[in-house]
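These are the residues of each chain, in order.
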Amino acid sequence: MGVLPVPAEVRAILLDIEGTTTPIAFVQETLFPYIKNNVKEYLRAHWEEEECQRDVGLLRKQAQEDSSLDGAVLIPLESGSGEEELEQVIQAVVDNVHWQMSLDRKTTALKQLQGHMWRAAYATGHVKGEIFEDVVPAIRKWREAGMKVYIYSSGSIEAQKLLFGHSTEGDILELFDGHFDTKIGPKVESESYRRIAASIGCATNNILFLTDVPREANAAEEADTHVAVVIRPGNAGLTDDEKSYYSLISSFTELFLPSST
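So, how was this worked out
- Residues numbered from 1 in each chain as written.
- Predicted model: local features only at pLDDT ≥ 70, side-chain atom pairs only at ≥ 80, totals over all residues.
- Heavy atoms only, no water.
- Helix = DSSP H or I, 4+ residues; strand = E, 2+ residues; numbered from the N terminus.
- Rg over C-alpha atoms; globule rule 2.2 N^0.38 Å.
- Buried < 20%, exposed > 50% of the residue type's maximum accessible area, 1.4 Å probe, protein only.
- Contact = heavy atoms within 4.5 Å.
- Areas by Shrake-Rupley, 256 points an atom, 1.4 Å probe, with all protein chains shown as cover.
- Lys, Arg positive; Asp, Glu negative; His and termini not counted.
- Charge placed at Lys NZ, Arg CZ, Asp CG, Glu CD.
- Phe/Tyr/Trp six-rings, centres within 6.5 Å; stacked < 30°, edge-to-face > 60°.
- Polar contact = N/O pair within 3.5 Å; in protein donor to acceptor, adjacent residues only side chain to side chain.
- Domains from an automatic or database assignment.
- Buried area = accessible area lost by both parts, 1.4 Å probe.
- Salt bridge = Lys/Arg side-chain N within 4 Å of Asp/Glu carboxyl O.
- Core = buried A, V, L, I, M, F, W, Y, C linked by side-chain atoms within 4.5 Å.
- Axes fitted to C-alpha atoms, helices over the stretch in contact; angles between N-to-C directions.
- Left-handed = near helix turned anticlockwise from the far one by under 90°.
- Nonpolar A, V, L, I, M, F, W, Y, C, P; charged D, E, K, R; others polar.
- Pairing = 2+ DSSP bridges.

The protein goes by ENOPH phosphatase in an unreviewed UniProt entry, where it is assigned to Rostratula benghalensis.

A.B. asks: Would you take a moment to explain the overall build of the protein for this structure?
C.D. replies: Counting secondary structure elements, the protein contains nine helices and eight strands. Here the C-alpha radius of gyration of the protein, 20 Å, is about what a compact globule of 261 residues would show, namely 18 Å. For the protein, the spread of C-alpha atoms along the principal axes amounts to about 70 × 40 × 35 Å. The buried share among the 261 residues of the protein stands at 50%. The contacts of the protein with a sequence gap of at least 6 include a subset with a gap of at least 24, amounting to 69%. Total accessible area on the protein is roughly 12500 Å²; 48% of this is exposed by carbon and sulfur atoms. A gap of 4 Å separates the mean positions of the 24 positive and 41 negative side-chain charges of the protein.

A.B. asks: Just checking my understanding: could you explain the packing of aromatic side chains for this structure?
C.D. replies: Any two aromatic rings considered together are summarised by their centre-to-centre distance and by the angle between their planes. On inspection of all chains with the given rule, the structure shows eight aromatic pairs. Aromatic pair Y152 and Y193: ring centres 5.5 Å apart, planes at 80°, arrangement edge-to-face. Placement of Y152 in strand β3 (residues 148-152) and of Y193 in helix α7 (residues 190-200) is noted, with a sequence separation of 41 residues between them. No difference in accessibility class separates Y152 from Y193, as the two residues are buried. Ring geometry for Y193 versus F209: centroids 5.2 Å apart, planes at 55°, classification tilted. One end of the pair, Y193, is in helix α7; the other, F209, is in strand β5 (residues 207-211), with 16 residues separating them in the sequence.

A.B. asks: When you look at unusual backbone geometry in this model, what are you seeing that I'm missing?
C.D. replies: A negative phi angle characterises most non-glycine residues, just as the trans form characterises most peptide bonds. With phi around 55°, D104 is a residue other than glycine that occupies positive phi space. A positive phi angle, close to 70°, is found at D224, a residue other than glycine. Turning to its location among the elements, D224 is positioned in the loop between α8 (214-222) and β6 (226-230). Given a relative accessible area of 48%, D224 falls into the partly exposed group.

A.B. asks: Any chance you could explain the side chain of N206 here in plain terms?
C.D. replies: Within the element layout of this structure, N206 appears in the loop between α7 and β5. For N206, the side chain forms a polar contact with the main-chain oxygen of E9, separated by 2.9 Å.

A.B. asks: Would you explain the domain arrangement of the protein in this entry?
C.D. replies: A common measure of how large an interface is: the accessible area buried when the components associate. Segmenting the protein into domains produces domain 1 (4-22 + 129-256) and domain 2 (28-124). Look at where the C-alpha atoms of domain 1 and domain 2 centre, and you get two points 29 Å apart. At the junction of the two partners, domain 1 supplies 12 residues and domain 2 supplies nine residues. It is S154, E158 and L162 that lose the most area in domain 1 upon contact with domain 2, and together they represent 41% of the buried surface on that side. Scanning the region where domain 1 abuts domain 2 turns up one salt bridge.

A.B. asks: Can you walk me through the nonpolar core in this structure?
C.D. replies: Ranked by internal contacts, the top residues of the largest apolar core, which has 59 residues, are L15, W142 and L210. For this core, the element with the most residues is helix α1 (residues 24-46), which contributes eight residues. Mapped onto the domain boundaries, this core takes at least three residues apiece from domain 1 (4-22 + 129-256) and domain 2 (28-124). Those residues in contact with L15 that lie beyond four places of it in its chain are T21, I139, W142, V149, Y150, I151, Y152, F176, F209, L210 and F252. Counting 20 residues, the second largest nonpolar core, distinct from the first, contains I184, A217, A220 and V229.

A.B. asks: Looking at this structure, I do not really get the packing of helix α2 (residues 50-65) against helix α3 (residues 83-102). What am I missing?
C.D. replies: When two helices pack together, their arrangement is given by the angle between the helix axes and the distance between those axes. In the contact formed by α2 and α3, the axes pass within 11 Å of each other and the chain directions differ by 65°. For the crossing formed where α2 meets α3, the hand is left-handed. Across the interface between the two elements, V56, L59, R60, Q62 and A63 from α2 touch V89, V93, N96, V97 and Q100 from α3. Looking at the contact of α2 with α3 residue by residue, the classes come out as six nonpolar, three polar and one charged.

A.B. asks: When you look at the sheet that holds strand β7 (residues 248-249) in this model, what are you seeing that I'm missing?
C.D. replies: Hydrogen bonds along the backbone pair up the strands of a sheet, which may run parallel or antiparallel. One open sheet holds the six strands; their spatial order is β4-β3-β2-β5-β6-β7, and the pairing between them is parallel. A strand with exactly one partner marks an edge of an open sheet, and here the two such strands are β4 (178-180) and β7. Relative to the sheet, helix α6 (residues 157-165) contacts β3 and β4, its axis offset from that of β4 by approximately 130°.

Below, the structure written as structure tokens:
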């Protein structure tokens, strides 16, 4: 793969997380199992709190929207008739969360609850965000060259900040100029990248997007955003056509910024 020159008009670098800054294994083998294994205990401990009730309310609304889907789990309202009913409602929330996660859903309701659970896990030190070793030195170099650096992930902005604020490299939130999640739009839709450019205050072709997912790369390209596909251990393989079409890097150090010379 070697060196990939960054186009001269690029002013901002937009980074995916899973498979780009962070090993997919961390997300799949640490973060997601933590949710599955601890959601019932978390709900029991925080049920009376306003934040938890907002999370459950969002999940209940999402469940109603999903009611026609195969396997969807509705979440009943509480009538206040005792502990047995409460346990049934909590179990319905647990089952709904497990169902959504089994389908790799990206709903805001699910991501919000996950974000709040991960916040507790990071705060207690049960979880630390894993970062590839080339990421921090490269971003520091980009910023020294005048680049803005942003995150765009399907994980909530809160979850993003938790990962980078409690990472294996320490608190590295200062390295980022902003964060975007699916509230700005799905990563596989080109309009999302136009909205991000507008939010940053630049043209789409002033942005270089780094991702491991060809569908996201394609959507960004449709919006006239520059793209490089990141090859990391554990990432899904690319087809021969994808390998020949996209610019590929296996490390952030392979990006060459003309302005850094």
